[in-house]
Amino acid sequence: MKKILHSFLILLTIFFTTQSFALQGTLSGKVTDAKTGAPIEGATIYITDIRTGVSSDAAGNYFIKNISEGKHLVEISHIGYNTVAESITIAGDTKHNFVLGESVVENNAVVVTGVSGATQTKKVPFSVEVLRSKDFFQNTSTNIIESLTKLGGVSTLATGPAISKPVIRGLSYNRVLTINDGVRQEGQQWGDEHGIEVDEASVNKIEVLKGPASIIYGSDALAGVVNIITNVPVPANTIKANIGSNYQTNNRLRTFNANIGGNHNGFNWNIYSSNKAAADYKNKYDGYVFNSKFNEHNLGGYVGYNGNWGYSHLLVSNFNLKAGLVEGERDDDGYFIKPVAGGGEVRATDADFKSTDPEIPYQHIRHFKVATDNNIKFGQNNLTFNIGFQQNRREEFGNPDDLAERALFFDLKTITYTAQFHFAEKNGWKSSIGVNGMQQNNTNKGVEQLIPDYDLFDFGIYGYTQKTINKLTLSGGARFDTRNIDVKNLMDGTDVKGDAFKKSFSNVSGSVGMTYEATDKLNLKLNVARGFRAPSIPELASNGAHEGTIRYEYGDRDLKSETSLQIDGGATYATQHVSLGISAFYNGFNNFIFYRKLQNTSGGDSTVEVDGEDIDAFKFSQRKAALAGLEATLDIHPHPLDWLHVLNTFSYVSGKLKEPIEGTRDLPFIPAAKFSTEFKGAFNKLSNTIRNFYVKFEIDNTFKQNAAFTAFNTETPTGSYTLLNAGIGTDIVNKNSKTLFSLSLSGINLGDVAYQNHLSRLKYAAENLVTGRTGVYNMGRNFSLKLNVPLSFDWK
């Protein structure tokens, strides 16, 4: 690692001494309403590649300085209007006016995920969808990943309301890579009860790439990427702040968050903090679900400088979560019970249900991250690079006789590095070369070991190019990866229960794709990509049990790397009153890794006794497999009811093994098909004080999932259900049209339906002997009230 960093610094010095800085230009103009021609105040004009933006003034005028000459993708946005993205050639003092139409459906956003630089979604050959902070404000969820289920093809694998993992087109765990401000998020993403350690209140935008992204990101981006963007400087010469809160009725969740950021003469910064606490949630079958409570405390921010040479930012964040682990144990009368000192058990009380302090067993997760984010200009070329350090500490407490005893304690330290050199766009060509990778060390500090101590190092190098020929955009590239792991002995006290070993994995990945703007309304996409994933340490070397999964796991050190070949295509058709999008894919796997229950010699479930309790035993295995599916959206906004939107979303995925196991070919963890319809009325101006008003009603239909991995009773089928949701919200403004505060009121599962999501791990908790129902059900009816107070000051 030191040699790589040393070589990188030498290379950087050479570039500084041999390249000249770019000629500088400016961009100015006016933003107006397409229908009325009136100026739009407060529109954001933002250039993603250089992290620079401004807001339009009361006359709709804007001015941006210190822009390197050449082509730049400029994004213009305002609540209630469609986002506009245009490629502008900067040459000296450049003037360009923008016209915004009322919001219909966003299909021309600027994305940075899976490509060499900021690119319009219509020119990206794979499926990328975008959610912004206003979308999160209008929707209700108990964690940031749960919010993504509004997107077609995206689900979550949940272990209670605090822990959700993204599932993209039927794939999750280490097959989905999470990026946070350019740094790959490295925690304990291999486990069911390990979520994403990112503060929900800090998120500005999330881009979800559906499909292999190994060419840019390497191993673990086999299924897709969740790119969480928090570091967005406020407009130049301003100070902006937000104070927000949220209360949810079902589990008494209360959230308080605040942030403040400034930008003056290139010096920019942001500080945020949030606190969240929730008691046990309830549903009509289980009542209050004991120990589903959690509390969370986060702090972070960044400081940096944007100049005519580029920008450099230093980011710091600290995530702190305590979450109860739901075991679902009940007494003979069907009441939830909790363990107490001395080996006994007692019924949980009302005070237990209402408390926000998790009880035994629970986990404590602390994630600290510091990283640099840099962009240096060299003529019309530029070099982006970042180096990050993360420490993820996950402690699990489960001994009622010694509340301070850590049954498990993973101390994971990771150094990540990324460098990408972007060549200036020339004759329609946009190309880049890059390297990235990480060095990782895991140390066990708990009483037990589920996975061994290990060291890991990986390195990848790639090239990517894009060529635009009139309405046709071609793109593709290739990459080489290598990963080396050094696994130590797996210990059980002083005994060795797993021998040490070393392994190496390497792979070549590639992709080729195209987009074609057949007309101004019709856009076509096609992409073929080869993905790669090295087996994770738990898959190779686990041997133990932990509370959150309700299972005992065995790894297999002989596992091979997963490789996949995915073909996906799509089309979007958008008119003034109808928008239609469809995307289909086929993803074939070699050496697909999954876990299955073990059988004992008599044909029953194999169990392992842990602390006097028999736990089902599972082992990782691999086979050839394939997944296929589609996502479709239809947004109808009929004339003359232009304020009305009827958005229909359908998603379906099927996963099959090539050869059956115990009579089944179905893959585990495949989400059920889903069809949802949202009726939404949106009004930019109801009165002089009420702006951006909306009201919506949703019907979410989840179909039954009979295609379960039933071998050895690993999974069971899940029934269908329909949830009714509603929401209303608005901005309250003063006489100068400045927002005083924003309100959002929503109701989820209005019918108080008792249901189990197929991907809920609580579905496999213990049986209620009184009702005969197995597992714990999802959250019942829930109302949410959100308040946000924005503050803004000029910093001249």
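Computed from a predicted model, the values in this text were never measured in an experiment.

**Q** What's the story with empty space enclosed by the protein in this structure? I'm lost.
**A** Empty pockets left among the atoms are what a rolling probe the size of a water molecule brings to light. Scanning the entire structure with this criterion turns up 8 cavities of 30 Å³ or more. Estimated volume of the largest cavity: approximately 290 Å³. Forming the boundary of the largest cavity are 22 residues, of which Tyr173, Arg175, Glu539, Ile593 and Phe669 lie nearest the centre. When residues of the lining of the largest cavity are traced back to their parent elements, those giving at least two are helix 5 (537–541), strand 38 (551–554) and strand 40 (578–597). It is strand 40 that provides the largest number of residues to the lining of the largest cavity, a total of 4 residues. For the lining of the largest cavity, a count of residues per class yields 12 nonpolar, 5 polar and 5 charged.

**Q** Help me understand the confidence of the model for the protein chain, please; the structure alone is not making it clear to me.
**A** Reading fine detail from the predicted coordinates is not recommended where pLDDT is low. Mean pLDDT for the protein chain: 89, with 93% of residues reaching 70 or above. Mean pLDDT values for the elements of the protein chain range from 47 in helix 1 (residues 2–18) up to 97 in strand 21 (residues 282–283). Taken as a whole, residues 7–21 scores under 50 in pLDDT and shows 15 contacts with residues more than four places along the chain or in a different chain.

**Q** What is the right way to read the side chain of aspartate 568 from this model?
**A** By secondary structure assignment, the location of aspartate 568 is in strand 39 (residues 562–574). Buried aspartate 568, no salt bridge; nearest opposite-charge side chain is arginine 169, N-O distance 4.6 Å. At a separation of 3.3 Å, a polar atom in the side chain of aspartate 568 contacts the side chain of glutamine 566. If we skip the residues at most four places from it in the chain, aspartate 568 touches Pro125, Phe126, Ser127, Arg169, Lys525, Leu526, Asn527, Ala584 and Phe585.

**Q** Can you walk me through the environment of serine 621 in this structure?
**A** The residue serine 621 is located in strand 42 (residues 613–636) in this model. In sequence terms serine 621 and glycine 195 are 426 residues apart; their C-alpha atoms lie 24 Å from each other. In contact with serine 621, not counting residues within four places along its chain, are Leu559, Phe592, Ile593, Phe594 and Arg596.

**Q** I would appreciate a short explanation of the pairing of strand 16 (residues 205–210) in the present structure.
**A** Two faces make up the sheet, and in a regular strand the side chains alternate between them. Among the 6 residues in strand 16, 6 count as buried, and that is most of the element. The two faces of strand 16 match: Lys205, Glu207 and Leu209 on one face and Ile206, Val208 and Lys210 on the other face are all buried. Examined bridge by bridge, strand 11 (residues 127–132) and strand 16 share 6 bridges and lie antiparallel to one another. Bridge pairing links valine 130 to glutamate 207 in strand 16. The pairing of strand 16 with strand 17 (residues 224–229) spans 6 bridges and is classified as antiparallel. Within strand 17, the residue paired with valine 208 across the bridge is valine 226.

**Q** Help me out: how do you make sense of the nonpolar core in this one?
**A** Soluble globular proteins tend to pack their nonpolar side chains together in the buried interior. Counting residues in each nonpolar core, the largest one holds 33 residues, and the members touching the most others are Leu148, Ile206 and Leu627. Mapped onto this core, the elements with two or more residues apiece are strand 16, strand 17, strand 40, strand 42 and strand 43 (644–661). Not counting residues up to four positions away in its chain, the partners in contact with isoleucine 206 are Glu129, Val130, Leu131, Phe136, Ile144, Leu148, Val226, Asn227 and Ile228. Formed by 28 residues, the second largest nonpolar core is a distinct cluster that contains Leu157, Tyr173, Val487 and Phe532.

**Q** Would you explain the sheet that holds strand 14 (residues 176–180) in this entry?
**A** Backbone hydrogen bonds hold the strands of a sheet together, and the pairing may be parallel or antiparallel. Across the sheet, which stays open at both edges, the 5 strands sit in the order 11-16-17-14-15 with mixed pairing between neighbours. Unpaired on one side and paired on the other, strand 11 and strand 15 (183–184) mark the two borders of the sheet.

**Q** Sorry if this is basic, but what is going on with the sheet that holds strand 5 (residues 70–77) here?
**A** Spatial ordering of the open sheet is given by 3-2-5-6, a layout of 4 strands whose pairing is antiparallel. The sheet is open, and its two edges are formed by strand 3 (52–55) and strand 6 (84–90), each paired on a single side. With direction set aside, neighbouring strand axes in the sheet form an average angle of 25°. Taken together, the 4 bridges between strand 2 (residues 44–47) and strand 3 define a ladder with antiparallel strand orientation. Looking at strand 3, one finds that isoleucine 45 is bridged to valine 54.

**Q** For this particular structure, what's the right way to read the packing of aromatic side chains?
**A** By convention here, two paired aromatic rings are described through the distance between centres and the angle between planes. Under the counting rule described, the total for this entry stands at 13 aromatic pairs. Relative to phenylalanine 709, the ring of phenylalanine 594 has its centre 5.5 Å away and its plane inclined at 80°; by these criteria the two rings are edge-to-face. In this pair, phenylalanine 594 sits in strand 40 while phenylalanine 709 sits in the loop between strand 46 (690–702) and strand 47 (721–733), placing the two residues 115 residues apart along the sequence. Chaining the aromatic ring pairs together yields one cluster made of Phe378, Phe421 and Phe423.

**Q** Is there a simple way to think about the side chain of serine 621 in this case?
**A** Judged by relative accessible area, which is 11%, serine 621 ranks as buried. Here the side chain of serine 621 touches arginine 623 through a polar contact of 3.1 Å, side chain to side chain.

**Q** Would you take a moment to explain a nonpolar patch on the surface for this structure?
**A** Together, Phe267, Val303, Tyr305, Leu314, Val316 and Phe368 make up an exposed nonpolar region whose accessible area comes to about 470 Å². Those elements giving two or more residues to the nonpolar patch turn out to be strand 23 (294–307) and strand 24 (310–324). For phenylalanine 267, the position within the fold is in strand 20 (residues 267–278).

**Q** Any chance you could explain the environment of leucine 522 here in plain terms?
**A** Position of leucine 522 relative to the elements: it lies in strand 36 (residues 522–533). Note on leucine 522: relative accessible area 27%, which makes it partly exposed. In the structure, leucine 522 is positioned 109 residues away from glutamate 631 in sequence and 17 Å away in space, judged by C-alpha atoms. Ignoring anything within four residues of it in the chain, the contact list for leucine 522 reads Tyr516, Glu517, Thr572 and Tyr573.

**Q** I tried to follow unusual backbone geometry on my own but got confused; where do I start?
**A** Backbone geometry follows two general trends: most residues other than glycine have a negative phi, and most peptide bonds adopt the trans configuration. Following isoleucine 360, the chain continues into proline 361 via a peptide bond in cis, with omega recorded as -5°. Relative to the elements of secondary structure, proline 361 occurs in the loop between helix 4 (350–354) and strand 27 (362–378). If you check the backbone angles, arginine 252 has positive phi at about 55° while not being a glycine. By the element assignment, arginine 252 lies in the loop between strand 18 (238–248) and strand 19 (253–264). Owing to a relative accessible area of 22%, arginine 252 belongs among the partly exposed residues under this scheme. One non-glycine residue, glutamate 662, lies in positive phi territory at about 50°. Position of glutamate 662 relative to the elements: it lies in the loop between strand 43 and strand 44 (664–666). Residue classification places glutamate 662 among the exposed residues on the basis of a relative accessible area of 55%.

**Q** Can you walk me through the environment of leucine 559 in this structure?
**A** The residue leucine 559 is located in the loop between strand 38 and strand 39 in this model. Separated by 166 residues in sequence, leucine 559 and arginine 393 have C-alpha atoms that sit 27 Å apart. Setting aside chain neighbours within four positions, we find leucine 559 in contact with Lys503, Phe505, Pro535, Glu539, Leu540, Ile593, Phe620, Ser621 and Gln622.

**Q** Before we go on, may I ask you to explain the pattern of salt bridges in this structure?
**A** Charged atoms that come close allow side chains of opposite charge to pair. The tally for this structure, following the rule as stated, stands at 35 salt bridges. Notably, a salt bridge pairs arginine 366 with glutamate 395, separated by 2.9 Å at the nearest N-O pair. Here glutamate 395 lies in strand 28 (residues 381–397) and arginine 366 lies in strand 27, a separation of 29 residues in the sequence. With a relative accessible area of 21%, arginine 366 lands in the partly exposed category. Each of Glu129, Arg169, Lys210 and Glu631 takes part in salt bridges that share partners, so that together they form one network.

Conventions and cut-offs
- Residues numbered from 1 in each chain as written.
- Predicted model: local features only at pLDDT ≥ 70, side-chain atom pairs only at ≥ 80, totals over all residues.
- Heavy atoms only, no water.
- 1 Å grid on protein atoms, 1.4 Å probe; cavity = no way out; pocket = protein on both sides within 12 Å on 5 of 7 lines; lining within 4 Å.
- Points joined across faces, edges and corners; volume = space filled by probe spheres on them.
- Helix = DSSP H or I, 4+ residues; strand = E, 2+ residues; numbered from the N terminus.
- Nonpolar A, V, L, I, M, F, W, Y, C, P; charged D, E, K, R; others polar.
- pLDDT = per-residue confidence, 0-100.
- Contact = heavy atoms within 4.5 Å.
- Buried < 20%, exposed > 50% of the residue type's maximum accessible area, 1.4 Å probe, protein only.
- Lys, Arg positive; Asp, Glu negative; His and termini not counted.
- Salt bridge = Lys/Arg side-chain N within 4 Å of Asp/Glu carboxyl O.
- Polar contact = N/O pair within 3.5 Å; in protein donor to acceptor, adjacent residues only side chain to side chain.
- Pairing = 2+ DSSP bridges.
- Core = buried A, V, L, I, M, F, W, Y, C linked by side-chain atoms within 4.5 Å.
- Axes fitted to C-alpha atoms, helices over the stretch in contact; angles between N-to-C directions.
- Phe/Tyr/Trp six-rings, centres within 6.5 Å; stacked < 30°, edge-to-face > 60°.
- Patch = residues over 30% accessible without salt bridge, like charges linked within 9 Å, V, L, I, M, F, W, Y side chains within 5 Å.
- Areas by Shrake-Rupley, 256 points an atom, 1.4 Å probe, with all protein chains shown as cover.

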